[in-house]
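In case you want the letters, here they are:
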There are 2 protein chains.
Amino acid sequence: MSKGEDSRKEIVASALAMASEVGLEGVTIGALAERTGRSKSGLFAHFGSKEELQIAILDEAVDRFVSLVVSPALKEKRGLPRVRALFERWLAWARADFMPGGCIFMAATVELDDRPGPTRDRLVSSEKDWLGVLSGAAKIAVDEGHFRPDLDCDQFAFELYAIAHGYHTLARLFRDRASEKRARAAFDRLLRDATISTETRPSARPSAKHH
Amino acid sequence: MSKGEDSRKEIVASALAMASEVGLEGVTIGALAERTGRSKSGLFAHFGSKEELQIAILDEAVDRFVSLVVSPALKEKRGLPRVRALFERWLAWARADFMPGGCIFMAATVELDDRPGPTRDRLVSSEKDWLGVLSGAAKIAVDEGHFRPDLDCDQFAFELYAIAHGYHTLARLFRDRASEKRARAAFDRLLRDATISTETRPSARPSAKHH
DNA sequence: CTGACAATAGAACGATCGTTCGAAAAATCA
DNA sequence: TGATTTTTCGAACGATCGTTCTATTGTCAG
């Protein structure tokens, strides 16, 4: 690896940590330069614009997310074990030490939801992918017979997403461990509901088809 | 009302709208002055510091939240109707036209969770209050016999909180109406679980309760 | 109408923002 | 090694940041 790639990697890693604390916009060229012991212009030359730096941060985060959350979970057995792994690793991701300010995606979502542009586009597509992974994992669990056949997998993904966001928000705001227990309890309830077949519920009839 | 109070109100209202789009830190004195047709220093004099302006924004948001969400819901019948009203009004709040950038509390939470100070303290206490209202409403529903007696009301509040945050996040990120349906479905599932007593869950049994 | 006081404006402050440019230093290749 | 390219730096740019002054305007009671 060339020298340039090396220092770019190092800069982006530092920028990722910084962005998790102060947001993508809060990662200032000057502050990042000082943090990494470089000159403003020397650092700036690696990216060409602040927007490119922000995209580099998001790309780095996606890479790490895939290698720390998605890939390991895909090595778990298909179905319920994989769904569990995705959830557990997601929780762990949100407290990763290289993001001392919390999940960068959740921070970026709030920051970018009103600012059209390539940075936002990158975030939207990666979040869409992630929801697809969650929904797909649920679908596999259905196929494996772990979940009920009429489960709405997109709905399952939404609720999983909501639980993780609720956990993250409250854990960071109140600085306690309680919300982790709450999140796990909510996840258990979600699993219970996905597992139990519909005919055991009052108003449901044994359905053959889903979708 | 004096002239000063009048313009302060007007400034804060404009600042609230702006903060929902660009965050509390993004509300710059200069931009806000131009937006409200005033001089920087004239506007600044109303607050004395940017931090005070941010607190004023949060206070204004709390006032509106109470009068648009909490108070009306408290006029609903105790128990389930009130819980429903809190949820529905919360969803509506998140799309209020005076916050074109979405819920200010959710934006502020991400922005302030790493920045200790009076602004963060204000936010934390108001979020704690809100979770207390939700939990309390669930408790009343238990007392009224609408929810099962062994319901964990704090857990209920957490899950309601998570659903609303998931809705808000995805609605703003993907700019579609789908997440509203998802949120309502998740809420229904939450209610179903809070309603059915625990002993009916493992095995199927036609319950008497429905809404 | 006048005097007191509140509200707003204008100009300027040092600091920092993202960005540009040309030169020095370091790394790479012949 | 010498030549060349890549990487880094220092200085400066105009713009904007929050904030502080002083001066001017507007409001309102006596």
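Further up the page is the structure itself.
Computed from a prediction, not measured in an experiment: that's the story for all the values here. (Residues numbered from 1 in each chain as written. Chains lettered and ligands numbered in written order. Predicted model: local features only at pLDDT ≥ 70, side-chain atom pairs only at ≥ 80, totals over all residues. Heavy atoms only, no water.)

Participant: Which residues make up the packing of helix 6 (residues 104–112) of chain A against helix 7 (residues 118–143) of chain A, and what are the values?
Facilitator: All names here are of chain A. At a minimum axis distance of 10 Å, the contact between helix 6 and helix 7 shows a crossing angle of 130 degrees. Comparing the axis directions of helix 6 and helix 7 gives the class oblique. In the packing of helix 6 onto helix 7, the handedness of the crossing is left-handed. From helix 6, F105, A108, T109 and L112 reach across to helix 7, where they touch T119, R120, L123, S126 and E127. Of the residues assigned to the contact of helix 6 with helix 7, the class counts are four nonpolar, three polar and two charged. (Axes fitted to C-alpha atoms, helices over the stretch in contact; angles between N-to-C directions. Helix = DSSP H or I, 4+ residues; strand = E, 2+ residues; numbered from the N terminus. Parallel < 35°, antiparallel > 145°, perpendicular 65-115°, else oblique. Left-handed = near helix turned anticlockwise from the far one by under 90°. Contact = heavy atoms within 4.5 Å. Nonpolar A, V, L, I, M, F, W, Y, C, P; charged D, E, K, R; others polar.)

Participant: Give a detailed account of the relation of the copies chain B and chain A, specifying residues and quantitative values.
Facilitator: By a simple turn and slide, chain B fits onto chain A: the slide is 0.0 Å along the axis, the RMSD is 0.0 Å, and the turn is 180 degrees. Taken together, these values place the two copies in the relation of a two-fold axis. An overlap of 94% is found between the interface residues of chain B and their copies at the interface of chain A, pointing to a shared contact surface. (Least-squares fit on C-alpha atoms with pLDDT ≥ 70 in both.)

Participant: Report on unusual backbone geometry, specifying residues and quantitative values.
Facilitator: The phi angle at A:R175 is positive, at roughly 55 degrees, despite the residue not being glycine. With respect to the helices, strands and loops of the structure, A:R175 is situated in the loop between helix 8 (153–174) and helix 9 (178–195).

Participant: Break down the protein's contact with DNA strand D for me, with residues and values.
Facilitator: As a matter of local geometry, DNA strand D sits amid 18 residues, with A:S39, A:S41, A:H46, B:T28 and B:K50 nearest to it. A:S39 places a polar main-chain atom, nitrogen or oxygen, 2.9 Å from a phosphate oxygen of DNA strand D. Contact distances for DNA strand D include 2.3 Å between a phosphate oxygen and a side-chain N or O atom of A:H46. Among the elements of the structure, helix 1 (3–22) and helix 3 (40–44) of chain A together with helix 3 (40–44) of chain B are those that each provide at least two residues to the surface near DNA strand D. When grouped by side-chain class, the residues that make up the surface near DNA strand D number four nonpolar, ten polar and four charged. (Near = heavy atom within 4 Å. Polar contact = N/O pair within 3.5 Å; in protein donor to acceptor, adjacent residues only side chain to side chain.)

Participant: Can you break down the nonpolar core residue by residue, with the values?
Facilitator: With 139 residues, the main nonpolar core has A:F147, A:F156, B:F147 and B:F156 as its most contacted residues. Those residues in contact with A:F147, other than ones at most four positions away along the chain, are A:L80, A:V83, A:A138, A:A141, A:V142, A:F156, A:L191, A:A194 and A:T195. (Core = buried A, V, L, I, M, F, W, Y, C linked by side-chain atoms within 4.5 Å. Buried < 20%, exposed > 50% of the residue type's maximum accessible area, 1.4 Å probe, protein only.)

Participant: Could you give me a rundown of the protein's contact with DNA strand C, with the residues and numbers involved?
Facilitator: The local shell around DNA strand C holds 19 residues, among which A:T28, A:K50, B:S39, B:S41 and B:H46 are the closest. Of everything in DNA strand C that lies within 4 Å of the protein, sugar and phosphate atoms constitute 63%. A distance of 3.0 Å is found between a phosphate oxygen of DNA strand C and a side-chain nitrogen or oxygen belonging to A:T28. One of the backbone N or O atoms of B:S39 is found 2.7 Å from a phosphate oxygen in DNA strand C. Elements that contribute at least two residues to the surface near DNA strand C include exactly helix 3 of chain A together with helix 1 (3–22) and helix 3 of chain B. Classifying every residue of the surface near DNA strand C by side-chain character gives four nonpolar, ten polar and five charged.

Participant: So what's going on with the interface of chain B and chain A? Residues and values would help.
Facilitator: Taken residue by residue, the interface counts 49 residues in chain B and 49 residues in chain A. Summing the contributions of chain B and of chain A, the shared interface buries around 4100 Å²; its carbon and sulfur component is 59%. Taken together, the links from chain B to chain A amount to ten salt bridges. Between A:D114 and B:R175 there is a salt bridge; the shortest N-O distance is 3.7 Å. Counting residues per element, the ones that place at least two in the side of chain B that touches chain A are helix 1, helix 6 (104–112), helix 7 (118–143), helix 8 (153–174) and helix 9 (178–195) of chain B. Considering every element that reaches the side of chain B that touches chain A, the biggest residue donor is helix 8 of chain B, with 15 residues. (Buried area = accessible area lost by both parts, 1.4 Å probe. Salt bridge = Lys/Arg side-chain N within 4 Å of Asp/Glu carboxyl O.)

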